[in-house]
Each structure stands twice: as structure tokens, then as C-alpha cells.
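Structural overview for review
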Amino acid sequence: MATAVVSAPGKINLTLDILGRREDGYHEMEMLMHAVSLENTVRLTTRDRPGICLSCSNPAVPTGEKNLAYRAAQAFFAAWGHSVGLEIRVEKRVPMEAGMAGGSADAAGVLTGLNRIAGGAFSRQELCQIGLSLGADVPFCIWGGAALVQGIGEKITPLPPLKQCWLVIAKPPQGMKTANCFAAYDALDSVQHPETSRALKALQEQNLSALGKLLENVLEQAVPLPQVQKLREDILQNGALGSRMTGSGTAVFGLFADKRQALRCIRRIYRFGGSFFLVRPVDYGAKLLWEG
């Protein structure tokens, strides 16, 4: 019996742009993404009995073949040409329907852990190819850190991660299905697009003030939810250098240079209800914590 325990960070979108829709229905994306210290834990244990058994700390999470972690194990075994009996336990901390890639992080954790159990059968690039078949965010969740992500998620250019800053993440009770958000975007007549090149330069220079002003997410324009807008306004009024919805929402993040100010912001917006987190940017993706 072999065991691998993997930490699987969630992510935020510093910028999110849609460049067009391809003939196959996928959207051509351009995004500045960053992994954060709000992380799920994925524990993999081989067993004598065949098949995959998945459990999760959050009872709302499906544990069958609709779960990305379950499908990641199936995809790994198909690519590897072997299969083993497997127990997967996911400890959820990244909120659901938040735009933080919690499910994709779980899938990245499974692929990373199984690759260790398999003795490094695949390179990281090959794991990303397996991951892309599961979801557009899975390759980034394998890489982590900061990156320019293009195409449908397969083109990843690593960037220097943010260092001297803090992030307040606020997840309102209301969620958003990714498919619904993209459908709403497709119905828009006009969009304010991010200045991705300027935001990239601010990130490379660690210029938090400039970066805060350049945060942008075109999907936020597609689903102008009152809760999201109010959270953004309050986060900005409480000292954030910038604030945006991440991904397809509904989590909102604020960028802070000072930890005390970030904590003060959480205390002042707590009345909204939902979930609130104080996190740091991290320079890694799915990573092995322990094996045995």
C-alpha cells in the first residue's frame, strides 16, 4: 500500500480576458493568474480492492464520476496504461462556485500524487496535457505560482510571484455556475477589456499600487451581481489597492500591502455573511506534502 498527501492551492485571476470564441465552442483566454495559500488537501492511498473510492470533508461535493478528482484518477490510469485500487480523501477549504478553481486544484492534486506513486511516469508538461482534458484551470493548478495563461488554459508562461502583499477573499453565499457566466458573457454587446500587458509589467516589477489599478475581469461585467459589487466597493473603501471578482465568481478578492489593514477590512465587511479569508500569494501549485 502506498500513500501520497498533496496540498492543492486555489487561485485568483488578477486579470481575465476573453479574446474570442473558437469554432469548437471553447473560449480563447488571456489571464494573469496567481496561486494562493487557501489550499485543499488530497490524500491518495492505494488498496487491494479494484476501483476508485472518493470521500470529501464537504458533504455537498459529489463523490462519483462527476467529481474532477475522481475523473483525474481515471484519466491518469488511462494515460499510464495501468490502474490500481485507490482511495481519495479531499479536505476542502477552497469554497465551491467561487471562481477559485477548487475542483481543478483537487484534480491537480490527484495527478501530482498519482505521478509520485507511479514513480514519476510523466513530466509536468505531460501531466498538464492530461489535466487539460479535465478542465482549463487544471494545468495552471499543477504549475501554480504566478503565470500568464493563454489559449484554453494550455499555454502557461511562469512569472515572478507576488511577495510583499496580502489578499482578502470574500465569498458571498450566492454562487455562480461557470457555464452560466460564460453564456452571459457571450450575450454582451460591448466589453471593457483588461490592459493585460500593463498589468503583467506591474506584476513583474512588484508594483502593487499599479497592479491594483489594473485588476480586471470581463466575466464580472457579464454577471453584475449586487453582492459582488457591494463587496468590491466595501473592500476598496477599506484600503485595498484594488479589488475584483475572480474567475466566474462569486468570490471577490482585495489586494493589500499591509496585513493589519487587510484584517481590519475583514472585520468591517463581515456583516455581509458568507466566508472570509486572509491569504498570501504562493509560488507553487499542487505539491507533495508526504509520502509513505
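Because the structure is a prediction, the values reported are computed rather than measured.

**With respect to the packing of aromatic side chains**
Summed over the entire model, instances satisfying the criterion amount to four aromatic pairs. Measuring from centroid to centroid gives 5.3 Å for phenylalanine 76 and phenylalanine 122, while their planes differ by 85°, and the two rings are edge-to-face. One end of the pair, phenylalanine 76, is in helix H1 (residues 68-80); the other, phenylalanine 122, is in the loop between helix H2 (102-117) and helix H3 (124-132), and 46 residues separate them in sequence. Its relative accessible area of 0% is what places phenylalanine 76 among the buried residues. Relative accessible area serves as the criterion here: at 16%, phenylalanine 122 is assigned to the buried category. Arranged with centres 5.4 Å apart and planes meeting at 40°, the rings of tyrosine 270 and phenylalanine 276 form a pair that is tilted. Overall, the relative accessible area of 55% leaves tyrosine 270 in the exposed class. Through pairs of rings, three or more aromatic residues link up here, namely Phe76, Phe77, Trp80 and Phe122.

**Quick word on the side chain of threonine 112**
Tracing the backbone shows threonine 112 in helix H2. Using a relative accessible area of 16% as the deciding quantity, one classes threonine 112 as buried. Among the polar contacts listed, one links the side chain of threonine 112 to the backbone oxygen of alanine 108, at a separation of 2.8 Å.

**What to know about the pattern of salt bridges**
According to the stated counting rule, one finds 14 salt bridges in the structure shown. Taking the shortest distance from any N to any O, the salt bridge between glutamate 216 and arginine 244 comes out at 3.3 Å. One end of the pair, glutamate 216, is in strand S8 (residues 216-217); the other, arginine 244, is in strand S9 (residues 242-245), with 28 residues separating them in the sequence. Exposure class is identical for glutamate 216 and arginine 244. Each is buried. The residue aspartate 234 makes a salt bridge to arginine 271 at a minimum N-O spacing of 2.8 Å. Linking aspartate 234 in helix H9 (residues 226-237) with arginine 271 in the loop between helix H10 (259-269) and strand S11 (275-279), this pair joins segments that are 37 residues apart in sequence. Here arginine 271 falls in the exposed class, since its relative accessible area comes to 60%. Salt bridges here are not isolated pairs; linked through shared partners, they connect Glu216, Glu220, Arg232 and Arg244.

Cut-offs used in this document
- Numbers given to residues run from 1 along each chain, matching the order in which its sequence is written.
- For this predicted model, a pLDDT threshold of at least 70 governs which residues receive local features, and a threshold of 80 or more governs which side-chain atom pairs are given and counted, while totals over whole chains, interfaces and linings are taken from all residues.
- To obtain the side-chain values, all non-hydrogen atoms of the structure were included, while hydrogens and water were left out.
- Any two of the Phe, Tyr and Trp rings considered here, Trp counted by its six-membered ring, make a pair once their centres fall within 6.5 Å; the pair's planes then place it as stacked at under 30 degrees, edge-to-face at over 60, or tilted in between.
- Each helix is a run of H or I in the DSSP string that is no shorter than four residues. Each strand is a run of E no shorter than two, and both are numbered from the N terminus.
- Exposure classes here rest on a 1.4 Å probe applied to the protein chains alone. A residue is buried below 20% of its type maximum, exposed above 50%, and partly exposed in between.
- Here a polar contact is taken to be a pair of N or O atoms separated by no more than 3.5 Å, where protein atoms must pair a possible hydrogen donor with a possible acceptor and residues adjacent in sequence count only if both atoms sit in side chains.
- We define a salt bridge as a side-chain nitrogen of Lys or Arg found within 4 Å of a carboxyl oxygen belonging to Asp or Glu.

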